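Listed here are the chains, written in short residue letters.
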Amino acid sequence: MGLLTIGTFAKASRLSPKALRLYDELGLLTPARVDPVTGYRLYDPEQLDRARLVAWLRRLGMPLARIQHVCALEAGPAAREVRAFWAQVEADTAARRDLASFLIGHLSWKDPAMSPTTKPLGLRYAALSDTGLVRESNQDTAYAGSRLLAVADGFGSKGAPASAAAVDTLKRLETDGIPAGDLLNLLEDAVEQAELAVNGIAGPASPPEEAGTTLTAMLWTGSQLALVHIGDSRIHLLRDGELFQITHDHTMVQSMVDEGRLSPEEAASHPQRSLLIRALGRGADGTPDMRLHDARQGDRYLLCSDGLSTVVPTEEIHRALREIDEPEQAVRELVALANGSGGPDNVSCVVADVVELRR
């Protein structure tokens, strides 16, 4: 078979002549020959596989520069690159889905016709932070109040004041007077102020790694809990006897699990499992996950630093939360479990129960 005209090649590859001209200019899909007189582009039939791959990748929404990289790879590495790209697309979609859910809940909460009319609920809570058995100082901050629950895990030489500054900033939200319509903006503003506070701890000339922190918090609205999450501290929900993790770790290893490059079992022992891709601190990505949770009477929430989650099996955490009634006793048991497993890191826990308020 001879060379194909651009029109014939376009039809066979499902790419428009305009797209083919663009890809030629970018060096992504160079014609086999260009007529020296007319400038007409001619393509070899063997180029169809590459052209169809380009068309499929464009339908996925892959940027042209990344498509060029994929097309230069062998089949195996190219497949892994596509898998990694799609995992990132799904992560971005999940983030937008979380924001959409937040907005739906937020707007529903504002709507008087959809406001809950059930009995008033409140929180019964306890917080505990411990240095552990190996570290010389405690860089964690744990806080529990009638409106705010928070855990921050600081890092760097000024990690302790960084985590404290982040939580102290959120404490300003602990008021009875938050209008429903202001909740989302107030949370975003609070995270921005927390980031400024952490940056202020380090100082303008300090290296980025000198002061930073994770921040995981829930703000009680009276019928819902607004969640803010940055980093690898976690929130678990115990509901009807089942335990659910309701945050997603912002770590390099978790992103590799999401992309299919690591199994969860491999991630648990990976040497870089604590490497954060989101945190509060100079030069870090401080974009928070935010969502609303409808509270039910009997729900129990656990906020914890990775000093608990990385050393104590989930089954043991589940048992302690299920069997121990009082939050104060529960946080003590969880810290004891972490220290009983060697206590290699600071450990912080907040346990909060959703209970009916007495009139």
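Scroll up to find the structure.
Report follows, based on the coordinates. Note that the structure is a prediction, hence the values are computed from the model and not measured. (Residues numbered from 1 in each chain as written. Predicted model: local features only at pLDDT ≥ 70, side-chain atom pairs only at ≥ 80, totals over all residues. Heavy atoms only, no water.)

**A short note on helix α12 (residues 327-340)**
So, step 1. Taking 1.5 Å as the rise per residue, α12 with 14 residues should run 20 Å; its terminal C-alpha atoms sit 20 Å apart, in good agreement.
So, step 2. Among the residues of α12, Pro327, Ala330, Val331, Leu334, Val335, Leu337, Ala338 and Asn339 are the ones counted as buried.
So, step 3. The secondary structure elements touched by the buried residues of α12 are β4 (121-130), β14 (300-304), α10 (306-309), α11 (314-323) and β15 (347-356).
So, step 4. Glycine 342 sits one or two positions beyond α12 and adopts a positive phi of about 110°. (Helix = DSSP H or I, 4+ residues; strand = E, 2+ residues; numbered from the N terminus. Expected span 1.5 Å × (residues − 1). Buried < 20%, exposed > 50% of the residue type's maximum accessible area, 1.4 Å probe, protein only. Contact = heavy atoms within 4.5 Å.)

**Some remarks on the sheet that holds β4**
So, step 1. The 5 strands are arranged β4-β15-β14-β10-β11 in an open sheet whose pairing can be described as antiparallel. Where the open sheet ends on each side, the last strands, each with one partner, are β4 and β11 (242-245). On average, each strand axis in the sheet is tilted by 20° relative to the strand beside it, whichever way the strands run.
So, step 2. Relative to β11, strand β10 (residues 234-239) is paired through 4 bridges, and the arrangement is antiparallel. Paired with histidine 236 across the two strands is glutamine 245, which belongs to β11.
So, step 3. α11 contacts β10, β11, β14 and β15 of the sheet and is inclined by roughly 125° relative to β11. (Pairing = 2+ DSSP bridges. Axes fitted to C-alpha atoms, helices over the stretch in contact; angles between N-to-C directions.)

**Some words on a nonpolar patch on the surface**
So, step 1. Taken together, Met252, Leu275 and Ile277 make up a surface patch of nonpolar side chains, about 230 Å² in accessible area.
So, step 2. In this structure, isoleucine 277 sits in the loop between α9 (264-268) and β12 (280-281). (Patch = residues over 30% accessible without salt bridge, like charges linked within 9 Å, V, L, I, M, F, W, Y side chains within 5 Å. Areas by Shrake-Rupley, 256 points an atom, 1.4 Å probe, with all protein chains shown as cover. Salt bridge = Lys/Arg side-chain N within 4 Å of Asp/Glu carboxyl O.)

**Examining the packing of aromatic side chains**
So, step 1. One pass over the full model with this rule turns up 1 aromatic pair.
So, step 2. Seen in terms of ring centroids, phenylalanine 9 and tyrosine 43 are 4.3 Å apart; in terms of plane orientation they differ by 10°. Their pairing is stacked. Placement of phenylalanine 9 in helix α1 (residues 6-13) and of tyrosine 43 in strand β3 (residues 41-43) is noted, with a sequence separation of 34 residues between them. Considered together, phenylalanine 9 and tyrosine 43 belong to a single accessibility category, that of buried residues. (Phe/Tyr/Trp six-rings, centres within 6.5 Å; stacked < 30°, edge-to-face > 60°.)

Purely geometric stuff here, so don't read any function into it on its own.
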